[in-house]
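Structural overview for review
Listed below, chain by chain, are the residues.
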Amino acid sequence: MNTTLSLLTKNVRGVLAASAAFSVMAAAPVYAQEAEESAKAEDFEQIAVVGSRAAPRSVADSAVPIDIISDEEFKQQGATDMVSMMQTVVPSFNVNDQPINDASTLVRPANLRGMASDHTLVLVNGKRRHRSAVITFLGGGLSDGAQGPDISVIPAAALKQVEVLRDGAAAQYGSDAIAGVINFVLNDASEGGSFEARYGSYYEGDGDMIQMSGNVGLPLSDKGFINLSAEYRTADDTSRSVQRADAAALIAAGNTFVADPAQIWGSPEIKHDIKLFANAGIELSDTSEAYMFGNYAEREVEGGFYFRNPHNRGGVNDGGTNDDGEQLLLVGDLTGDMSGNCPTDIVVGDNVLENPRYINEVQNNPDCWAFNEMLPGGFTPRFGGTVTDMSLVFGTKGELDHDITYDVSLNLGQNEVDFAISNTINPSLGPETPTEFSPGRYTQSEQTLDIDFTKPFDVGLYEPLFVATGFQYRNESYESFAGDTASYEIGPLATQGFGIGSNGFPGLAANSQGRVSRNNIALYIDAEAYITENFMLAGALRYEDFSDFGDTTKGKIAFRWQALENIAFRGAFSTGFKAPTLGQSNVRNVTTAFGTGGELIDRATLPPTDPVSQLKGGEQLTPEESESITFGVVADFDNGLFITADYYNIELTDRISTASGIALTEEDIATLLEQGINDASSFSEISFFTNDFDTTTEGVDVVANYSMDMMGGETKFSLAYNWTSTEVDRASDNISDFRIRMLEDNLPAVRYSATANHTNGDWRFLARMNYYGSIFEDHLDSALPIDKVGSEITFDFEVAYNFTEDFTVTVGAKNAFDEYPDENNTDAGGITYAQIAGSAYPTTSPIGINGGFYYLRGVYTF
């Protein structure tokens, strides 16, 4: 069934309105389609507004590569959240599962063209999307420390299409557009709608997911529309764990309080995920209109954390070692005046619970305390939080005299994360500690004013010279709020070697909370014209001035040459930048990570200008700078075959990321204590954001589409291929060798998908093959390298049947043959890497660690 949408576009003179037939086949292949499809006698043009401020062009006529993803393509896949959906339809877009990865569990970082998650500018209806408050301190190497927008708050039901500009565009759109631009275009229908319900589960029998969504279009008088969308989702957690070697040893020694498995690796539990979006517009006159759109979203997530061994957890059970190297138990004196004469030389052995000295001198002694009394089997915290996101954009656009068009808008956005951790303790509080904490929250707020003008000039070229210019003012702030008192309180046992704060994620202390802000202004000019009938040239220049680090000017030039009737060449050269975020420059955070010896440690992230950071090489952050080249070919053959191939090369200098963990000395800790960071005695390492390395990333994107009649119906074939290679050209001593290898090899060098989508009457059949090249993973940031994780092939299948014109049921399977990545079975001194931390599979595998997923979906349209 064909759906024809009328897209009103302005021609280069800004006067005439044209209607472009945008036919979307219900059986459209699940790929970012980049082209006109010559399907039979129909003229299938995909129109994009991103990438050029001239009249919207067919993506086949664009000077830079643009993918168009229709709303149908999001519906025809098993993934449910926007990040995973984008990975399915754009091969150069990668995202990993993030089990036990602190804030990354709440907002998963995604990578376009091998860049970090905050190297892609995100727009909604052409307007800049605000950042997330979540900083991904542990982002799988490539995105460590990234702070990008949270696109998972956008429901698929709200979309008309998504435009992916795969080219550097900072000169056009500003900071962050180094890898490209993703523009989410909202549904603007004034009538009709749909309701969808879906259920899914993994083959293992866990991760049950329920999702309901709906969209409705309503007229706003006879000259406007309001389009409303909503989505609600819940999902159970999963487990792909094996018992940790140390936990198994405790059980073997008779400790019956240790859980099996002691530590859970898998997808977190989504307790609730609510997404609301509204899009509205109304004509004010024959030459002007007003528009408004916005959203509210709330997502509560809870996931696993690292197991705390009851014999040697630092700051909880670890009393050091004796002269023979034997592990001792940390015992606290509860008397207040240290009159309890509590033992400090109890050897834990294989099971301290059976040690007579522990039983008599600690467990049965009211003056002495060890956490083995409260938590005899150790403990595994549960970490998560609630992410709240909201935005409102309103403005007006239209035509003035002399063929001038304008667009004036105000953009308000805010994202907040309120962290939560449970099943843990503040060790310094001893037996009085609570076990649930609210360790603090962070808020990112942005306000943007955009004023844009366009005008064509007749200068004697084949087409008028189209000039766009504009002004942007943006104010942004990052605010941190202290956690509840118990999450950072210094308890009476702090002076006896017990840790301070909620173990695993200490709360932000009251004296560390605060608000920082900055503003920037931008001026830009774009120009574009067909010099001859077959040669188009475009250029852009942008100046930005930031209140916290100064100004920068970036430029871009692009061309398109129709060399033959069916073949065109295109290319661009641009310079770009990404400004350091306020969060990266100012955040304080403590996270639990694996140290260089494989042990769990508390790593503090401090501002780069903090005195301790500066002692270790920290400096005030500066912008990342890029130079980008793309060159490609577009081939549109008479038989309906459409192929594009584009090469890209991105040189990025002064990249911002977190430094690898740096061990603290006693002098460093004393300096932190003098600064009023009272929980510094719990820190083993620090990290900070730094401009400490340069990279060169190059790659090739190939997209091909072909359709044909077969077996009494129509079949559409699609291939989307990506090759990406990154090399670290320069790195300081703050970036470890293992970190460099993660930057270069943690994403698959080659990834491609091939899809066949067949429609026949009321039936639709989809088959997709996905290939993921091999990767390297530094096991849990612990410098315990796993051999390369091998390449993988997965298959997706989907069958749909239209019971009526309005009701369709779909059954499908993602990773239908239940493939898993290579197991963590490399030997590490008699035990496998899987047993070191309890993860059966490499956690950053591009195919995930959960295996096959099946789903059932019903859609009612009206």
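Residues numbered from 1 in each chain as written. Predicted model: local features only at pLDDT ≥ 70, side-chain atom pairs only at ≥ 80, totals over all residues. Heavy atoms only, no water.

Some details on the overall build of the protein
For the protein, the helix and strand inventory stands at 11 helices and 42 strands. Out of the 862 residues belonging to the protein, those deemed buried represent 60%. The contacts of the protein with a sequence gap of at least 6 include a subset with a gap of at least 24, amounting to 70%. As displayed, the protein offers around 31100 Å² of accessible surface, 54% of which is attributable to carbon and sulfur atoms. (Helix = DSSP H or I, 4+ residues; strand = E, 2+ residues; numbered from the N terminus. Buried < 20%, exposed > 50% of the residue type's maximum accessible area, 1.4 Å probe, protein only. Contact = heavy atoms within 4.5 Å. Areas by Shrake-Rupley, 256 points an atom, 1.4 Å probe, with all protein chains shown as cover.)

Details of the side chain of glutamine 87
Considering the arrangement of structural elements, one finds glutamine 87 in helix α2 (residues 82-89). The buried category is assigned to glutamine 87, whose relative accessible area is 11%. Setting aside anything within four residues of it in sequence, one finds glutamine 87 in contact with Phe93, Asn94, Val95, Arg751 and Pro846.

Regarding the confidence of the model for the protein
With 89% of its residues at a pLDDT of 70 or more, the protein shows a mean pLDDT of 87. Low pLDDT, under 50, characterises residues 1-44; the predicted model gives this stretch 146 contacts beyond four residues in sequence or across chains. (pLDDT = per-residue confidence, 0-100.)

Points about the pairing of strand β12 (residues 193-202)
For β12, a buried count of 7 out of 10 residues is recorded, marking the element as mostly surrounded by other parts of the structure. Two strands pair when backbone bridges link them, and β12 and strand β13 (residues 209-219) are joined in this way by 8 bridges, in the antiparallel orientation. Counterpart to phenylalanine 195 in the pairing with β13 is glycine 214. Linking two consecutive strands that pair antiparallel, namely β12 and β13, is a turn of 6 residues; a positive phi of about 90° is found at glycine 205 within it. Where β12 meets strand β42 (residues 853-861), 9 bridges bridge the pair, whose relative direction is antiparallel. Residue pairing across strands places phenylalanine 195 opposite tyrosine 860, the latter belonging to β42. (Pairing = 2+ DSSP bridges.)

Description of the packing of aromatic side chains
All told, the structure shown has 30 aromatic pairs when counted by the stated rule. Relative to phenylalanine 505, the ring of phenylalanine 419 lies with its centre 4.9 Å away and its plane at 50°, an arrangement referred to as tilted. Placement of the pair is phenylalanine 419 in strand β22 (residues 405-422) and phenylalanine 505 in the loop between α6 (485-488) and β25 (514-530), with a sequence separation of 86 residues. Grouping residues by exposure puts phenylalanine 419 and phenylalanine 505 together as buried. Plain terms: the ring middles of phenylalanine 535 and phenylalanine 559 are 6.1 Å apart, the flat faces sit at 20° to each other, and that makes the pair stacked. Taken together, the residues phenylalanine 535 in strand β26 (residues 535-546) and phenylalanine 559 in strand β27 (residues 550-561) connect sequence positions 24 residues apart. One aromatic cluster is present, built from ring pairs that chain together Trp265, Phe305, Tyr306, Phe383, Phe419, Tyr442, Tyr478 and Phe505. Here the basic side chain of arginine 741 rests over the ring of phenylalanine 776, its NZ or CZ set 3.8 Å away from the ring centre. (Phe/Tyr/Trp six-rings, centres within 6.5 Å; stacked < 30°, edge-to-face > 60°. Lys NZ or Arg CZ within 6 Å of the ring centre and 35° of its normal.)

With respect to the sheet that holds strand β8 (residues 120-124)
One open sheet accounts for 5 strands, arranged β5-β10-β11-β8-β9; its pairing is mixed. Every interior strand has two partners, whereas the edge strands, β5 (66-70) and β9 (127-128), have only one. By the bridge criterion, 6 bridges tie strand β10 (residues 159-165) to strand β11 (residues 180-186) in an arrangement that is antiparallel. The residue bridging leucine 159 from the neighbouring strand is leucine 186, located in β11.

Points about the nonpolar core
In this structure, Phe74, Met82, Met86, Phe93, Val162 and Phe184 are the most contacted members of the largest nonpolar core, which totals 37 residues. Take this core: its biggest share by element is 5 residues, from α2. Sequence-distant contacts of methionine 86, that is, excluding residues within four places in its chain, are made with Ile69, Phe74, Phe93, Ile151, Val162, Val164, Ile182 and Phe184. Tyr306, Phe383, Ile421 and Val587 belong to the second largest nonpolar core, which has 30 residues in total. (Core = buried A, V, L, I, M, F, W, Y, C linked by side-chain atoms within 4.5 Å.)

A closer look at a negative patch on the surface
Together, Asp222, Glu283, Asp286 and Glu289 give the surface a local cluster of negative charge. Topologically, aspartate 222 is positioned in the loop between β13 and β14 (224-235). Judged by relative accessible area, which is 72%, aspartate 222 ranks as exposed. (Patch = residues over 30% accessible without salt bridge, like charges linked within 9 Å, V, L, I, M, F, W, Y side chains within 5 Å. Salt bridge = Lys/Arg side-chain N within 4 Å of Asp/Glu carboxyl O. Lys, Arg positive; Asp, Glu negative; His and termini not counted. Charge placed at Lys NZ, Arg CZ, Asp CG, Glu CD.)

Considering the side chain of asparagine 503
If you trace the backbone, asparagine 503 turns up in the loop between α6 and β25. Overall, asparagine 503 belongs to the buried group, its relative accessible area being 6%. At 2.8 Å, the side chain of asparagine 503 forms a polar contact with the side chain of arginine 308. A polar contact is formed between the side chain of asparagine 503 and the side chain of arginine 313, at a distance of 3.3 Å. Setting aside residues no more than four positions away along its own chain, asparagine 503 makes contact with Arg308, Arg313, Gly314, Val316, Phe379, Pro381, Ile421, Thr424, Ile425 and Pro427. (Polar contact = N/O pair within 3.5 Å; in protein donor to acceptor, adjacent residues only side chain to side chain.)

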